Amino acid sequence: MDSLTSDAISAGRSFRCQGCGYVLVLASSDALVECPGCEGRSFVRASLFSSGESTRHWSCSSHIDDPIDPATLAEIREQLEHPGEYLAFSEDGHEKVVALTREWTRIGRSLTGDVRLDDPTVSRRHALLGRQPDGARLLDDRSLNGVFVNGERVEWTILGDGDEIEIGRYRLNFITLAPDAERSAARFSSRSRGRLPRGRVPLQRR
């Protein structure tokens, strides 16, 4: 079987890395620079029906960024000033927080992405996050390696506060910061109006 370099690979075919055996299929919108499993650049054509070969390359832990630890995540929450939805993730040892302000947020490797994750394990257009009246929806935007939420692969799902999203080697935490009135509900005491049922906030009369 003839060996191919990454420069000679065309979309719509399946290929196997000669270095690590990683099998991948390129869509028309994807271009391969190097193997996301071992960073090699030599490939052979592979069958879509080959058995025993995984298309999820980040089974090797060295390719997955460590998630933000709970203590650091709690500090990030404390520093957020405005109610809303956020994505927090670690990149090259630094924590990043992105406020979700648009109706749709594009996540991927593309320079035009709203949340850019610059790594070969991430497709140019990897995922979409939509802020809808019934909650935040995460959709797989026909990515090569899939989208995982709390360890399960999803085509789409409604996110909840604290959900962990896995995109390529990245692990992102979805954070929802409630308005001040809701966050401070537990701080109300029974000094003047008695103890309130959990989760209830008194109406502010004008």
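Note that the structure is a prediction, hence the values are computed from the model and not measured.

Parameters and conventions
Residues numbered from 1 in each chain as written. Predicted model: local features only at pLDDT ≥ 70, side-chain atom pairs only at ≥ 80, totals over all residues. Heavy atoms only, no water. Salt bridge = Lys/Arg side-chain N within 4 Å of Asp/Glu carboxyl O. Buried < 20%, exposed > 50% of the residue type's maximum accessible area, 1.4 Å probe, protein only. Phe/Tyr/Trp six-rings, centres within 6.5 Å; stacked < 30°, edge-to-face > 60°. Helix = DSSP H or I, 4+ residues; strand = E, 2+ residues; numbered from the N terminus. Lys NZ or Arg CZ within 6 Å of the ring centre and 35° of its normal. Pairing = 2+ DSSP bridges. Core = buried A, V, L, I, M, F, W, Y, C linked by side-chain atoms within 4.5 Å. Contact = heavy atoms within 4.5 Å. Axes fitted to C-alpha atoms, helices over the stretch in contact; angles between N-to-C directions.

Draft legend 1. Local environment of the pattern of salt bridges. On inspection of all chains with the given rule, the structure shows nine salt bridges. Ionic pairing is found between Arg 106 and Asp 114, a salt bridge with its closest N-O pair at 3.5 Å. In this structure Asp 114 comes out as partly exposed when scored by relative accessible area, which is 27%. When salt bridges with common partners are traced through the structure, they connect Arg 102, Arg 106 and Asp 114 into a single cluster.

Draft legend 2. The arrangement of the packing of aromatic side chains in detail. As enumerated under the stated definition, the model contains one aromatic pair in all. Ring centres of Phe 89 and Tyr 170 lie 6.1 Å apart, and the angle between their planes is 85 degrees; on these two criteria the pair is classed as edge-to-face. Pair noted here: Phe 89 is in strand S5 (residues 84–91) and Tyr 170 is in strand S15 (residues 170–177), with a separation of 81 residues, a long-range link. Both residues of the pair, Phe 89 and Tyr 170, count as buried. The ring of Tyr 170 carries the charged tip of Arg 169 above its face, separated from the ring centre by 4.5 Å.

Draft legend 3. Expanded view of the pairing of strand S6 (residues 94–100). As judged from the seven bridges shared by S5 and S6, these two strands associate in the antiparallel manner. Residue pairing across strands places Ala 88 opposite Val 97, the latter belonging to S6. Here S5 hands over to S6 after two residues, with Asp 92 in that stretch at a positive phi of 55 degrees.

Draft legend 4. Summary view of the sheet that holds strand S10 (residues 135–140). Across the sheet, five strands lie side by side as S8-S7-S9-S10-S13; this open sheet has mixed pairing. Pairing within the sheet leaves two strands with one partner each, and these edge strands are strand S8 (115–116) and strand S13 (156–158). Where strand S7 (residues 104–108) lies against S8, two bridges are found, and the strand directions are parallel. By the bridge assignment for S8, Ile 107 is matched with Val 115.

Draft legend 5. How the structure looks around the nonpolar core. The biggest cluster of nonpolar side chains holds 20 residues, and the ones touching the most others in it are Leu 87, Leu 117 and Ile 165. Where this core is concerned, the elements lending two or more residues are S5, strand S9 (127–132), S10, strand S11 (147–149), strand S14 (164–167) and S15. For this core, the element with the most residues is S15, which contributes three residues. Discounting residues that sit within four places of it in the chain, Ile 165 has contacts with Leu 87, Leu 138, Val 147, Phe 148, Val 149, Leu 159, Tyr 170, Arg 171, Leu 172 and Phe 174.

Draft legend 6. Expanded view of the sheet that holds S11. Pairing is antiparallel across the open sheet formed by six strands, whose spatial order is S6-S5-S15-S14-S11-S12. The open sheet has two free edges, formed respectively by S6 and strand S12 (152–154), since each of these has just one partner strand. Mean inter-strand twist for the sheet, computed between neighbouring axes without regard to direction, equals 30 degrees. Of the strands in this sheet, S5, S6 and S15 touch helix H1 (residues 70–79), which is tilted by about 40 degrees from S15.

Draft legend 7. Inspection of unusual backbone geometry at higher detail. Phi is positive for Asp 92, which is not a glycine, with a value near 55 degrees. Along the chain, Asp 92 falls in the loop between S5 and S6. Accessibility expressed as a relative area gives 62% for Asp 92, which makes it exposed.

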